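Coordinate analysis (summary)
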Amino acid sequence: MVFYTAFEEMAKDSRWARYMQDVEEFVSPYQHSEDPVSDFRQLLQSEGYQVLHCDVAPQVLFFPSEMQRRDFLKSVCPFLDRVPVDQKDNFLDDWLQRMEKLNGLSKVVGSSEEPKYYIHFNMMVAMAIKLHQHLVPGCEEDRLLTSLAEQEVYTSMDKPDLYNLGCAPLTLLAAKQVDELWPVLTWPRQPLPVLDIGCGPGDVARKVLAPRLPPGTKLVACDISTKMLEFCRQHNALPGTITYEQLDVVQPDLENSAVWQYAPFGKVFCLLLLHWVPDNRRAVQNIQKLLVPGGEAVFSIIANMVFYTAFEEMAKDSRWARYMQDVEEFVSPYQHSEDQVSDFRQLLQSEGYQVLRCDVAPQVLFFPSEMQRRDFLKSVCPFLDRVPEDQKDNFLDDWLQRMENLNGLSKDVGSSEEPKYYIHFNIMVAMARKL
Ligand SMILES: C[S@@+](CC[C@H](N)C(=O)[O-])C[C@H]1O[C@@H](n2cnc3c(N)ncnc32)[C@H](O)[C@@H]1O
C-alpha cells in the first residue's frame, strides 16, 4: 500500500525523521515481498495449516467526502501522536500529498453524483484449516468432527457446532462486506453500543465486528436460538466488549427484551438474517426502534438462491410433501421478487429510514471438500428434522442433486490444487440511516 511507501519516504525527511525512527515496525510485513501469496502460504503451511485459499487483489475504499477520507487516514496513522500539535496538519498534508503522487489516492467528480474519494491498496485474503483438527485420525477434534457428521437429529438453524464447522466462508464474506461499508459508517466521539442481530455462533461478532470498533464500544450480539447463544458464550466470549443476549428480531414486546436495556444503538448489523424472517416489515420496524436517530443499519440478505427453488420443487414431490407443507415460511421473501432492490428500498423508506446503499450481486461460497459443503447445507436445512431417520440421506441427496441441476452447486477440480466445491447465490447488501 502506498500508505507505507509514503511513510518510508517521510522517515528520511529531516522534518519528520525524529518521529519515525521505528517506521519499519509499522509497515506491512508483505510490503516488500516479491510474492506475498507464496510467503504467507508457506508461513501457514509451516505452522500446521492446510491452505484453502490465498490470493491478492486490488481493493478500493471510497468515502463521500475528502474530509471523511482524511479523518479515516488520521485515525489509522500511528505517528501523529508523536508529532507536535502545531505540525500535525503539515504532517498529514505531506502524507496525503505523497500518497496522491504515488497513485494511492484518487477522486471521481461526476456531474450528477456526489464526488467520491478513494484509497487504493492490495489486499491478501487467505483461509486455512488447522491441520490436526480435521486430518489426524484419532485426535479429540477428529472424533468431534466425525460424531457431528454422523449426528442424527437436526433442527432448523439450531446446530451451532455443525454450522460452525462450515461457516468460515460466511465469516469471510461478512468481513468483506463490512470492510466495504466501514468507511461510510460515521462514528461519534462517544460511540453508542453496537448491535449484531442473528449473530449465529458469534464468529462475526468476535472476529469481524469487535476488532473494528472504536475502543470502548460495547457490542451486544443476539440470536433467537439459545443453543447458538450457549455456543457463542463458550467459544466467542470477549468479556468487557461483547454481551450475548436472546432476541427474536420480530418479537412484539421488544421493550421487555434483554437487548432493550442497552438501547439506543448507534449501529445495527443484521447479516444473513432477514431471508430467514417472513415478516421483514416487523423486523425493520424493531431495528428502527432500537437505533438512535441518525444511527445506521447494515443488512445482508440472500435475495435468491436455488436452495429455495429446490425446496419448492421438493414440496410438490409426494415423497417429501408431508414434511414441507409450510415451505414458503422458509423461502427468502425476495426469492420471487422482480426487483428485490426496489422492494427492500421501499420497505426501509416506508419505515423511517434513509437508504444509503442497496444492491444485489452474485456470490460464491467455497468449501475444501464435498463433505464440508454437504455438512454446511445440512446445518441450514430447516426440514431435515422432520424427515424419518431412514430417509434423511435420500432427502439430502435429492436436495443437493436438484441444486446441482439448477446450477446452484458446482465444483472445480484443478490439477495441482485441492478441488473446490461451490455454492452460488445472489446477495443483497443495504445500508440505511434512521431518520
Ligand atoms: C445464517 S446465520 C447468520 C450468522 C451471522 N450473522 C453471519 O453472518 O454469519 C442466521 C442466524 O439467524 C438466527 N435467526 C433466525 N431467525 C431469527 C430471528 N427471528 N431473530 C433473531 N435471530 C434469528 C439463526 O438462529 C441463525 O443463528
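Preceding this paragraph is the structure being described.
A brief structural summary. Remember, it's a predicted structure, so these values are computed and weren't measured experimentally.

Points about the site of the ligand
Taken together, 23 residues lie near the ligand, and Gly198, Gly200, Ile224, Val249 and Leu271 sit nearest. The leading source of residues in the shell around the ligand is helix α8 (residues 168-181), at three residues.

Regarding the packing of helix α12 (residues 306-314) against helix α15 (residues 392-405)
With their axes 9 Å apart at the nearest point, α12 and α15 run at an angle of 125° to one another. Taken together, the axes of α12 and α15 are oblique relative to one another. You can see that α12 and α15 cross each other, and the crossing is right-handed. In contact with Val306, Phe307, Ala310, Glu313 and Met314 of α12, α15 contributes Asp398, Trp399, Arg402 and Met403.

Considerations on the nonpolar core
In terms of nonpolar packing, the biggest core is built from 71 residues, with Ala221, Val268, Cys270 and Leu273 touching the most fellow members. Among the elements that take part in this core, strand β8 (residues 291-304) stands out by supplying seven residues, more than any other. Apart from the residues within four sequence positions on either side, Ala221 is in contact with Asp196, Cys199, Gly202, Ala205, Cys232, Ile242 and Tyr244. If you look at the next biggest cluster of nonpolar residues, it comprises ten residues, including Ala6, Trp16, Met20 and Leu105.

Observations regarding unusual backbone geometry
Of all residues except glycine, most have a negative phi; of all peptide bonds, most are trans. Following Ala263, the chain continues to Pro264 via a peptide bond in cis, the omega torsion being 5°. With respect to the element layout, Pro264 can be found in the loop between β6 (242-246) and β7 (265-271). We note that Leu272 has phi near 55°; this positive angle belongs to a residue other than glycine. Its location among the elements puts Leu272 in the loop between β7 and α11 (280-290). Given 20 C-beta atoms within a 10 Å radius, Leu272 is considered buried. Here Asn407, not a glycine, exhibits a phi torsion of approximately 65°, which is positive.

As for α15
Within an α-helix, residues lying three or four positions from one another point in the same direction, as the helix has 3.6 residues per turn. Across its 14 residues, α15 extends 20 Å between first and last C-alpha, which sits within 8% of the 20 Å expected from 1.5 Å per residue. Residues of α15 that are buried include every one of Phe395, Trp399, Arg402 and Met403, and no others. The arc enclosing the buried residues of α15, seen along the axis, measures out at 100°, which places them on a common side. Facing away from the buried surface of α15 by more than 90 degrees, the exposed residues are Asp393, Asn394, Asp397 and Gln401. In this structure, the buried residues of α15 make contact with α12 and β10 (409-412).

Calculation criteria
Residues numbered from 1 in each chain as written. Predicted model: local features only at pLDDT ≥ 70, side-chain atom pairs only at ≥ 80, totals over all residues. Near = placed C-beta within 6 Å. Helix = DSSP H or I, 4+ residues; strand = E, 2+ residues; numbered from the N terminus. Axes fitted to C-alpha atoms, helices over the stretch in contact; angles between N-to-C directions. Parallel < 35°, antiparallel > 145°, perpendicular 65-115°, else oblique. Left-handed = near helix turned anticlockwise from the far one by under 90°. Contact = placed C-beta atoms within 7 Å. Core = buried A, V, L, I, M, F, W, Y, C linked by C-beta atoms within 7 Å. Buried ≥ 20, exposed ≤ 12 C-beta atoms within 10 Å, placed from the backbone. Expected span 1.5 Å × (residues − 1). Arc of directions from axis to C-beta.

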